[in-house]
Amino acid sequence: MNCREAQEVLAGSFPSAVDQQQLQAQEHVRGCERCQSRLQEDMQLRSRVRDLAREKPSAEFKEKLFTEISRLRWQKTARERRFQFRLAATAVITLVLLAVGTLWYVHRSPSNLVDYLVEDHQENLPGRFMTMSSSPADIERWFDGKLDFPVHVRMVRGAELVGARLCRVENTQAALVFYRCRSNLISWFIFPQKGLRTSSDTAPTVSVARGYSVIQWNDKGLTHAVVSELESGELLAMLALK
Amino acid sequence: MRSLFKNSKSRGSDSGDIYEELLLAHLEALYAFALRLTRNQHAAEDLVQEAALKALKAFGKLREKERFKSWIFQILRNIFLDQHSSRSAESLEDLQESDLIDGESLLVERLLNEEISDALDHLPGDYRVVLCLSDVEGFAQKEISEILGCPIGTVGSRLYRGRALLRRKLIRLRRKGSQEGKS
């Protein structure tokens, strides 16, 4: 190993130099006065370089720099706050829309229910009755055990009780009792009030859909809805609700 | 300066406060390094400011905060390289075998700080940077290789050759001085 190789190995030029090379370099230096003096001088020079006075940044520059950093941080924070505000605003708007939607769904006009009832009434043909009887007691017995609520079958003034069947009103099991007045069919739906989009009024509400009169009222947690092609005033009188 | 910190603390994040503390701790070294690179006060200030602002934006991504010093030095060095890539790189002075192994004594103790500083400033860029990072800032060769993005062997080689060049410059300076003294 010559002087240059030894000095390079010792300077760390060859980080992959194996221990043996390091040992060889050290051995060379031990026997070489020129290398010893050179390495000694290099160390002194390194020490002088390390101790060179550093030029420091001016106070004005430091102040300018940190002012700029503060400004940038402020902008960044403001940006983050704006983003958080937008996020919160979006969340609030979404929640409000959801709440409004839910309220609308729960409390929307029962006109859809009326349509549903009218449709069901229209589809009722005598052959579809599940039980035929003119006796309210018989029909009540027939419903007994089939529904989660008691069905009280009333007589309708001027109409004849025909029969009854089970049906579903918006996924809720309901009782449907039929009457006939002259040639007009009267459908009387009875179903639990809870959970359905019905009016909360106990007083009867009258509506007309597709030419059919629909009278609804609530009584003891049950909703009653009577549908017929008869005129609503006459129907109210027949039901003794006037 | 502390008042500035207080102002920024009241409205900044904790991360921003840590950044300012770390920057302040290493600002002098960063500035000295920039000055060695640019050899001009205004250019060094611009370089430090650009590096500091760029580092602030990226500070959240620095996972090991103890690597802050080498990290911000790396940012500064990259900015410097970007700014100077279009300019022609300083040509590396060819070293002769005699420069590496000559036995002429430098008489280090007789050198003035200004002479050493001036010789250091006039080393080719690559050598000057490695010498500053190693001998002035005390970075290990591995850290320097990370800052410069070059193999550790290259760092060692540049250190060896840079020191040899510095030595040659100083010997020439001493010879010139003694000749002028004689005449």
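Residues numbered from 1 in each chain as written. Chains lettered and ligands numbered in written order. Predicted model: local features only at pLDDT ≥ 70, side-chain atom pairs only at ≥ 80, totals over all residues.

1. Brief notes about the overall build of chain B
For chain B, the helix and strand inventory stands at 9 helices and 0 strands. The N-to-C order of helical and strand elements in chain B reads α-α-α-α-α-α-α-α-α. Looking at chain B as a whole, 36% of its 183 residues qualify as buried. Sequence separation of at least 24 residues holds for 70% of the intrachain contacts in chain B that already meet a minimum separation of 6. (Helix = DSSP H or I, 4+ residues; strand = E, 2+ residues; numbered from the N terminus. Buried ≥ 20, exposed ≤ 12 C-beta atoms within 10 Å, placed from the backbone. Contact = placed C-beta atoms within 7 Å.)

2. So, the overall build of chain A
Across its full length, chain A carries 7 helices and 7 strands. Moving toward the C terminus, one meets the helices and strands of chain A in the order α-α-α-α-α-β-α-β-β-β-β-β-β-α. The buried share of chain A, taken over its 242 residues, is 27%. Partitioning the intrachain contacts of chain A with sequence separation of at least 6 by distance along the chain shows that 50% fall at a separation of at least 24.

3. Section: the interface of chain A and chain B
Listed as interface residues are 37 residues of chain A and, on the opposing side, 44 residues of chain B. At 13 residues, the largest contribution of residues to the side of chain A that touches chain B is made by helix H4 (residues 59–107) of chain A. Here the residues of the side of chain A that touches chain B are counted per class, giving 15 nonpolar, 7 polar and 15 charged. (Nonpolar A, V, L, I, M, F, W, Y, C, P; charged D, E, K, R; others polar.)

4. Quick look at the pairing of strand S2 (residues 160–169) of chain A
All names here are of chain A. Across 2 bridges, the pairing between strand S1 (residues 131–132) and S2 is antiparallel. If you follow Thr131 over to S2, its bridge partner there is Ala164. Two strands pair when backbone bridges link them, and S2 and strand S3 (residues 172–181) are joined in this way by 9 bridges, in the antiparallel orientation. Within S3, the residue paired with Glu160 across the bridge is Arg180. The loop that links S2 with its antiparallel partner S3 comprises 2 residues; one of these, Glu170, has a positive phi angle of about 45°. (Pairing = 2+ DSSP bridges.)

5. Focus: the sheet that holds strand S6 (residues 212–219) of chain A
All names here are of chain A. If you trace the 7 strands from one edge of the open sheet to the other, you get S1-S2-S3-S4-S7-S6-S5, paired in antiparallel fashion. The open sheet has two free edges, formed respectively by S1 and strand S5 (205–209), since each of these has just one partner strand. Bridging between S3 and strand S4 (residues 184–192) involves 7 bridges; their strand directions are antiparallel. By the bridge assignment, Tyr179 is partnered in S4 with Ile186. Here helix H6 (residues 136–143) sits on the sheet and contacts S1, S2 and S3; the angle it forms with S2, its principal contact strand, is near 20°. (Axes fitted to C-alpha atoms, helices over the stretch in contact; angles between N-to-C directions.)

6. Observations concerning helix H6 (residues 113–121) of chain B
Burial in H6(B) covers these residues: Ile116(B), Ala119(B) and Leu120(B). Summarising the axial view, the buried residues of H6(B) lie within an arc of 100°, below the 170-degree limit, and thus occupy one face. (Arc of directions from axis to C-beta.)

7. Comments concerning the confidence of the model for chain B
Residue and element names in this part refer to chain B. In this model, chain B carries an average pLDDT of 80, and 80% of its residues clear a pLDDT of 70 or more. Least confident of the elements in chain B is helix H1 (residues 2–11), whose mean pLDDT is 42; most confident is helix H3 (residues 41–58), at 93. Within the model, the stretch residues 1–12 combines pLDDT values under 50 with 18 contacts to residues more than four positions away or in other chains. Across residues 86–92 the pLDDT falls below 50, and counting only partners more than four positions away or on other chains, this stretch makes 5 contacts in the model. Prediction confidence for the complex, expressed as pTM and ipTM, is 0.56 and 0.76 respectively. (pLDDT = per-residue confidence, 0-100.)

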